[in-house]
Amino acid sequence: MAVRAVYLLRSAHPRFGGRSYVGFTVDPERRLRQHNAGRRRGGAWRTSGRGPWEMELYVYGFPSDVAALRFEWAWQHPAASRRLPDVTPRRPRERPIAFALRLLPRLLRAPPWRRLPLRLRWLRPPPHPALEPAPPRHVVVERGRFHARRPRPRRPAGTRPEALDTPPTEATPPPPPCDLCGEPCKDEATPPLRCPRPLCPLAAHPPCLARLFLRPEPRELLPVGGACPRCHAHLLWGDLIRHHLGDPAPSAEEEAEPEDHAQAHWTDQLLCPGGAEPGAGSAPPAGF
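This text gives an overview of the structure that appears in the document.

Some thoughts on helix H1 (residues 28-37)
Phase 1 of the analysis: Residues of H1 that are buried include every one of Pro 28, Arg 31, Leu 32 and His 35, and no others. The buried residues of H1 all sit within an arc of 100° when viewed along its axis, so they share a single face.
Phase 2 of the analysis: Buried residues belonging to H1 abut strand S1 (5-11), strand S2 (20-25) and strand S3 (53-60).

Details of the side chain of Ser 20
Phase 1 of the analysis: By the secondary structure assignment, Ser 20 is in strand S2.
Phase 2 of the analysis: Those residues in contact with Ser 20 that sit more than four places away from it in its chain are Leu 8, Leu 9, Arg 46, Trp 53, Pro 96, Ile 97 and Ala 100.

Looking at the environment of Trp 73
Phase 1 of the analysis: Following the sequence through the fold, Trp 73 ends up in helix H2 (residues 65-76).
Phase 2 of the analysis: For the pair Trp 73 and Phe 24, spaced 49 residues apart in sequence, the C-alpha to C-alpha distance is 9.4 Å.

Side note on a positive patch on the surface
Phase 1 of the analysis: A cluster of like positive charges, contributed by Arg 15, Arg 19, Arg 46 and Arg 90, occupies part of the molecular surface.
Phase 2 of the analysis: Its location among the elements puts Arg 46 in the loop between H1 and S3.

Quick look at the packing of H2 against helix H3 (residues 96-108)
Phase 1 of the analysis: Between H2 and H3, the shortest axis-to-axis distance is 10 Å and the interhelical angle comes to 135°. Taken together, the axis directions place H2 and H3 in an arrangement best described as oblique. In terms of crossing hand, the pair formed by H2 and H3 is right-handed. Contact with H2, carried on its side by Phe 71, Ala 74 and Trp 75, involves Ala 100, Leu 103, Leu 104, Leu 107 and Leu 108 of H3 and no other residues of that element.
Phase 2 of the analysis: The class makeup of the residues in the contact of H2 with H3 is eight nonpolar, no polar and no charged.

Details of the environment of Leu 202
Phase 1 of the analysis: Position of Leu 202 relative to the elements: it lies in the loop between strand S5 (140-143) and helix H4 (206-213).
Phase 2 of the analysis: Exposure remark for Leu 202: the relative accessible area of 1% places this residue in the buried category.
Phase 3 of the analysis: Expressed as a C-alpha distance, the spacing of Leu 202 and Pro 177, which sit 25 residues apart in the sequence, is 9.8 Å.
Phase 4 of the analysis: Dropping the residues within four chain positions of it, Leu 202 is found in contact with Asp 179, Leu 193, Arg 194, Cys 195, Leu 209, Cys 228, Pro 229 and Arg 230.

Some points on the pattern of salt bridges
Pairing between side chains of opposite charge can happen when their charged atoms approach one another.
Phase 1 of the analysis: Under the definition given, this model contains eleven salt bridges.
Phase 2 of the analysis: Among the ionic pairs, Glu 220 bridges to Arg 115, the shortest N-O distance being 3.6 Å. With Glu 220 in the loop between H4 and strand S6 (225-227) and Arg 115 in the loop between H3 and strand S4 (119-122), this pair connects stretches of sequence that are 105 residues apart.
Phase 3 of the analysis: The exposure class assigned to Glu 220 is partly exposed, which follows from its relative accessible area of 27%.
Phase 4 of the analysis: In this structure, the salt-bridge partner of Glu 142 is Arg 121, at a minimum N-O distance of 3.0 Å.

Regarding unusual backbone geometry
Phase 1 of the analysis: Omega for the bond connecting Pro 111 with Pro 112 falls within 30 degrees of zero, at 0°, which places this linkage in the cis form.
Phase 2 of the analysis: Mapped onto the fold, Pro 112 is located in the loop between H3 and S4.
Phase 3 of the analysis: Cis geometry is found at the peptide bond from Glu 132 to Pro 133, where omega equals -5°.
Phase 4 of the analysis: Here Pro 133 lies in the loop between S4 and S5.
Phase 5 of the analysis: One non-glycine residue, Arg 4, lies in the positive phi region at around 50°.

Points about the packing of aromatic side chains
Phase 1 of the analysis: Tallied over the full model, the rule gives six aromatic pairs.
Phase 2 of the analysis: A centroid spacing of 6.4 Å and a plane angle of 40° characterise the contact between Tyr 7 and Tyr 21, whose relative ring orientation is tilted. Of the two residues, Tyr 7 is situated in strand S1 and Tyr 21 in strand S2; the sequence distance between them amounts to 14 residues. Of the two residues, Tyr 7 and Tyr 21, both sit in the buried class.
Phase 3 of the analysis: Taking the centre distance of 5.9 Å and the plane angle of 75° together, the rings of Phe 71 and Trp 75 count as edge-to-face.

Scoring rules and cut-offs
Residues numbered from 1 in each chain as written. Predicted model: local features only at pLDDT ≥ 70, side-chain atom pairs only at ≥ 80, totals over all residues. Heavy atoms only, no water. Buried < 20%, exposed > 50% of the residue type's maximum accessible area, 1.4 Å probe, protein only. Helix = DSSP H or I, 4+ residues; strand = E, 2+ residues; numbered from the N terminus. Arc of directions from axis to C-beta. Contact = heavy atoms within 4.5 Å. Patch = residues over 30% accessible without salt bridge, like charges linked within 9 Å, V, L, I, M, F, W, Y side chains within 5 Å. Areas by Shrake-Rupley, 256 points an atom, 1.4 Å probe, with all protein chains shown as cover. Salt bridge = Lys/Arg side-chain N within 4 Å of Asp/Glu carboxyl O. Lys, Arg positive; Asp, Glu negative; His and termini not counted. Charge placed at Lys NZ, Arg CZ, Asp CG, Glu CD. Axes fitted to C-alpha atoms, helices over the stretch in contact; angles between N-to-C directions. Parallel < 35°, antiparallel > 145°, perpendicular 65-115°, else oblique. Left-handed = near helix turned anticlockwise from the far one by under 90°. Nonpolar A, V, L, I, M, F, W, Y, C, P; charged D, E, K, R; others polar. Phe/Tyr/Trp six-rings, centres within 6.5 Å; stacked < 30°, edge-to-face > 60°.

Printed below as a string of structure tokens:
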């Protein structure tokens, strides 16, 4: 799966100390090399000739490119964003990097990102500056190195997917009943949600489980988490969606030491209707 990261750069040049830059990428490590190589090597005009640049942190876990680009645009243009109506403008002697770090927790607490399964990864050595106000409790704060990119599997040259040998199909078992409504989970387009705990037999329609998790928050549309109706363990909605989509757990190369005991979650596709959302560019996205 794509990283979809919105990153913050800090200039290490003595002349440009305190300069910052916010951008979007699916490969933070490669993007940092491009910024330091200059505009002709894929870097940005605003960072060319003002390096070397160091990546302070990046935020990832966005369900779509649009969600990440909107976050990037609001971070770049806080005075024009409708998501930050009460933000204090940059103070006279406040460095750009300090201003960007002051904006970050406010963005993480602003709708719609406050309910998304986001992670914040520090790349600079500790101690890290305190973020005030603190990010939402379900946002995992990590420290570590860049994500290791997983190589994509390749099929032999000259073959088509339908030409590859496939194992014989077995008889399909009957669909399990939903643990909440009792109706069979027979919709092939939306299989039932399963608890990530190995021994838990939970099977539930996504709308049924979402309504259960949203009982304490009837005005919300997207659940953050709740108790499993079978094993009673606390589950984050994003963990259920990630397990449902078959997203593998991070490999040992991708593990980072967390700074708190919160769990990550991936509340993806539910907020962004496909194809109907505006992109981000020089003009603000609608509603932002």
